[in-house]
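An overview of the molecular structure
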Amino acid sequence: NNARRMYFPPDNQLLYPQYPEVADAFRHPLVKQAIEQTTGARLADGRLRVEYCQDVDGFWLEPHVDISVKLFTMLVYLTDSPDLYDSGTDIYEGPPSHKLVSTAPYEWNAGLIFIPGKDTWHGFSKRPIRGIRKSVIINYMSPDWRAVNELA
């Protein structure tokens, strides 16, 4: 987390008129069902969390796997600046090497989806960010998620 990231709980729905449409779409049973059928994720009890990110130069994220309360993760990139061509999420081998396998292409409306697990190592290696790396992260969280102030 950093000061340029924010979640979209119901309070923020009043500030951003597009938000309720996005949240309603991802809460819709047909959308959840399509995600489940496509990915194998189990979302029946999942609770929606939407995070808007604006990462700037100096941001980095060590290789990690998501915590077990995340049922589904989708990152979508929101900037079309050619200066950010190399600003996609990095995919790594597991420990001990955490060797870089690939970097997701950072393009407008592109991104990646994964079901968190023991082999989904990802992060953002230290490198320059030339502009603002804008993205949205859609997560479905298990009922055990305690930070309810982050939920849609």
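Since we're looking at a predicted model, the values are computed, not measured. (Residues numbered from 1 in each chain as written. Predicted model: local features only at pLDDT ≥ 70, side-chain atom pairs only at ≥ 80, totals over all residues. Heavy atoms only, no water.)

**A short note on the nonpolar core**
Rules: By convention a nonpolar core is built from buried Ala, Val, Leu, Ile, Met, Phe, Trp, Tyr and Cys residues, the set being connected through side-chain atoms within 4.5 Å. Think of it in three bands: residues with accessible area under 20% of the maximum for their type are buried, residues over 50% are exposed, and the middle band is partly exposed, with areas taken using a 1.4 Å probe on protein chains only. Numbering of helices and strands runs from the N terminus; a helix is a DSSP stretch of H or I covering at least four residues, while a strand is a stretch of E covering at least two. Should any heavy atoms of two residues lie within 4.5 Å, those residues are counted as being in contact.
Judged by nonpolar contacts, the single largest core of 16 residues is most densely connected at F26, L48, V50, I138 and Y140. Contributing elements (two or more residues each) for this core: helix 2 (19–27), strand 2 (47–55), strand 4 (70–77) and strand 9 (133–141). Residues in contact with V50, not counting those within four places in the same chain, are M6, Y7, F8, Y19, V136, I137, I138 and E150. F59, L75, L112 and I137 belong to the second largest nonpolar core, which has 12 residues in total.

**Quick word on helix 2**
Structurally, the α-helix is built with 3.6 residues per turn, so residues lying three or four positions apart point the same way. Quick note on the threshold: Our arc is simply the arc of the directions from the helix axis toward the C-beta atoms.
Among the residues making up helix 2, those that are buried are Y19, A23 and F26. Seen from one end, helix 2 has its buried residues packed into an arc of 70°, which puts them on one side. Residues of helix 2 that are buried make contact with helix 1 (10–13), helix 3 (29–39), strand 2, strand 4 and strand 9.

**Description of the sheet that holds strand 7 (residues 111–114)**
Within a sheet, each strand pairs with its neighbour through backbone hydrogen bonds, oriented either parallel or antiparallel. The condition that has to hold: Strand pairing is defined by DSSP finding a minimum of two bridges between the two strands. Axis geometry follows a simple rule: fit a line to the C-alpha atoms, using only the stretch in contact for helices, then measure angles between N-to-C directions, giving values from 0 to 180 degrees.
Strand order in the open sheet made by the five strands is 1-2-9-4-7, with antiparallel pairing throughout. A single partner strand is all that each edge strand has here, and the edge strands are strand 1 (5–7) and strand 7. The average angle at which neighbouring strand axes cross in this sheet is 15°, direction not considered. For strand 1 and strand 2, the ladder comprises three bridges, and the chain directions are antiparallel. Note on strand 2: the bridge partner recorded for R5 is C53. Strands strand 2, strand 4 and strand 9 of the sheet are contacted by helix 2, whose axis makes an angle of about 135° with strand 2.

**Let's talk about the side chain of H64**
Quick note on the threshold: We call two N or O atoms a polar contact when they sit within 3.5 Å, provided that within protein one can donate a hydrogen and the other can accept it, with sequence-adjacent residues counted only if both atoms are side-chain atoms.
On the secondary structure map, H64 appears in strand 3 (residues 61–64). Of note is the side chain of H64, whose polar atom sits 2.9 Å from the backbone oxygen of E62. Beyond its immediate chain neighbours, meaning those up to four positions away, H64 contacts T120, W121, H122 and G123.

**So, the side chain of S142**
Residue placement: S142 occurs in the segment after strand 9. Setting aside chain neighbours within four positions, we find S142 in contact with R47, V69 and L71.

**What to know about the packing of aromatic side chains**
Under the convention used in this document: Only centres within 6.5 Å qualify two rings of Phe, Tyr or Trp (six-membered ring in Trp) as a pair; their planes then separate them into stacked at under 30 degrees, edge-to-face at over 60, and tilted for everything else. A ring is scored as having a charge over it whenever the NZ atom of a lysine or the CZ atom of an arginine sits within 6 Å of its centre and within 35 degrees of its normal.
All chains considered together, the criterion is met by five aromatic pairs. Following the ring pairs from residue to residue traces out a cluster consisting of F8, Y16 and Y19. Note that K126 overlies the ring of W60, its terminal NZ or CZ placed 4.5 Å from the centroid.

**Things to note about the pattern of salt bridges**
Threshold: Salt bridge, as used here, is a side-chain nitrogen of Lys or Arg placed within 4 Å of a carboxyl oxygen of Asp or Glu.
Evaluation of the coordinates by the stated rule reveals eight salt bridges. Measuring nitrogen to oxygen at the nearest pair gives 3.3 Å for the salt bridge that ties R5 to E51. Placement of R5 in strand 1 and of E51 in strand 2 is noted, with a sequence separation of 46 residues between them. For the pair formed by R5 and E51, the shared burial category is buried. With a shortest N-O distance of 3.0 Å, D24 and R27 are connected by a salt bridge. Residue D24 and its partner R27 are both found in helix 2; the two are separated by three residues, about one turn of the helix. Residue classification places D24 among the partly exposed residues on the basis of a relative accessible area of 45%. By sharing partners, the salt bridges in this structure join R5, E51, D55 and R133 into a single network.

The values reported here are purely geometric and, on their own, carry no functional implication.
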